[in-house]
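Each chain is listed here by its residues.
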Amino acid sequence: GPRGVLLVLAGSVTGFVLGTTLGDAYSGNPHPLWQGRSWLAMLLLTLATGTILSYFFYTQAQAQQLQLHMAEAQRTATEARLKLLETQLEPHMLFNTLANLRVLITLDPPRAVAMLDRLNGYLRATLAGSRATQHPLAQEFARLADYLELMAVRMGERLRFTLELPEDLREVPVPPLLLQPLVENAIRHGLEPKVEGGEIRVSARRASAADGARLVLEVADTGVGLASNDCAMSREDGGGFGVQQVRDRLHTLYGDRAAMELIAAPAGGT
């Protein structure tokens, strides 16, 4: 505004006067500033130079400020999209669990009560937590343990699971409920179709330095495998929703730096 213009003009004039005075004193010039030289032309040149340089740095600062606002807006939009995806995911998991609970109430009421108690504890731990877009990997594994214990009430010995989280990866930030849809798919489309059930193993590790030391999260099951479940995995109410949610959340948060792969295990399972 006007004060900025006055500041530039006052600074340029002051610099011109002080600079010329110091230069005369250093060189031993006995003539005053306004005698024997074209001081007006020199002053105008100084003002022009000061104005141009000030405008340059002003526009640079304005551009940086605009970039900051754009980055903030983009971050806000990303957080909003992640929240939307998460709010879509939680009811999906809850409805599937309630459907399982409804069946169990008819077949085995005591186990249904135990499952309801587990569900209550799981929801309290999940919904009472912070609504941040990320949380430590240790919390993600803790919620997976709660969910698998909940499913174990219904499936009994047909469900076995192992969680492997190295100590140095416990504080790595990840989106909440990132792995839960994959574990749910492993149970629903992998283990439940098998009479004898099977095992789920969830692990975390660092990839090799050649891969950029990326975090690798793996959900492996010994179920019927992808070939037997292509149709089920593509249904809107089945694995397709959860898998797409994981892909969308990874892409929203990490872009091309993250990827998810569904791979058929050689010995069966996924």
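Residues numbered from 1 in each chain as written. Predicted model: local features only at pLDDT ≥ 70, side-chain atom pairs only at ≥ 80, totals over all residues. Heavy atoms only, no water.

**Considering the overall build of the protein**
Moving on, step 1. For the protein, the helix and strand inventory stands at 7 helices and 5 strands.
Moving on, step 2. In the protein, the succession of α and β elements from N to C terminus is α-α-α-β-α-β-β-α-β-β-α-α.
Moving on, step 3. Residues counted as buried form 32% of the 270 residues belonging to the protein.
Moving on, step 4. Looking at the protein alone, contacts between residues at least 24 apart form 74% of all its contacts between residues at least 6 apart. (Helix = DSSP H or I, 4+ residues; strand = E, 2+ residues; numbered from the N terminus. Buried < 20%, exposed > 50% of the residue type's maximum accessible area, 1.4 Å probe, protein only. Contact = heavy atoms within 4.5 Å.)

**Structural notes on the packing of aromatic side chains**
Moving on, step 1. Inspection of every chain in the model, using the stated rule, returns 1 aromatic pair.
Moving on, step 2. Seen from their ring centres, Phe56 and Phe57 are 5.2 Å apart, and the 70 degrees between their planes marks the pair as edge-to-face.
Moving on, step 3. Accessibility expressed as a relative area gives 55% for Phe57, which makes it exposed. (Phe/Tyr/Trp six-rings, centres within 6.5 Å; stacked < 30°, edge-to-face > 60°.)

**Describing the side chain of Ser203**
Moving on, step 1. Mapped onto the secondary structure, Ser203 falls in strand β4 (residues 198-206).
Moving on, step 2. Note on Ser203: relative accessible area 10%, which makes it buried.
Moving on, step 3. A distance of 3.2 Å separates polar atoms of two side chains, one belonging to Ser203 and the other to Arg201.
Moving on, step 4. Those residues in contact with Ser203 that sit more than four places away from it in its chain are Phe141, Glu164, Val216, Leu217 and Glu218. (Polar contact = N/O pair within 3.5 Å; in protein donor to acceptor, adjacent residues only side chain to side chain.)

**Observations concerning helix α1 (residues 2-27)**
Moving on, step 1. Between its first and last C-alpha atoms α1 spans 37 Å; for 26 residues at 1.5 Å apiece the expected length is 38 Å, and the two agree.
Moving on, step 2. Among all positions of α1, only Ser12, Phe16, Thr20 and Asp24 are buried.
Moving on, step 3. Among the residues trailing α1, Gly28 stands out with phi positive, at a value near 80 degrees. (Expected span 1.5 Å × (residues − 1).)

**So, the sheet that holds strand β2 (residues 159-164)**
Moving on, step 1. Taken together, 3 strands build an open sheet; the order of strands is β2-β4-β5 and the sheet is mixed. Either end of the sheet is taken by a strand with one partner, and the two such strands are β2 and β5 (215-221). Between one strand and the next, the sheet's axes are offset by a mean angle of 10 degrees, whatever the strand orientation.
Moving on, step 2. Bridge analysis of β4 against β5 gives 7 bridges, and the strand direction is antiparallel. Residue Ala204 lies in a different strand from β5, and its bridge partner there is Leu217.
Moving on, step 3. Sheet strands touched by helix α5 (residues 180-191): β2, β4 and β5. Its angle to β4, the strand with the most contacts, is close to 150 degrees. (Pairing = 2+ DSSP bridges. Axes fitted to C-alpha atoms, helices over the stretch in contact; angles between N-to-C directions.)

**A word on the pattern of salt bridges**
Moving on, step 1. Inspection of the entire model under this criterion finds 6 salt bridges.
Moving on, step 2. A salt bridge links Glu164 to Arg201, with the nearest nitrogen and oxygen atoms 3.7 Å apart. Of the two residues, Glu164 is situated in strand β2 and Arg201 in strand β4; the sequence distance between them amounts to 37 residues.
Moving on, step 3. Looking at Glu164, the relative accessible area reads 35%, which means it is partly exposed.
Moving on, step 4. When salt bridges with common partners are traced through the structure, they connect Glu164, Arg201 and Glu218 into a single cluster. (Salt bridge = Lys/Arg side-chain N within 4 Å of Asp/Glu carboxyl O.)

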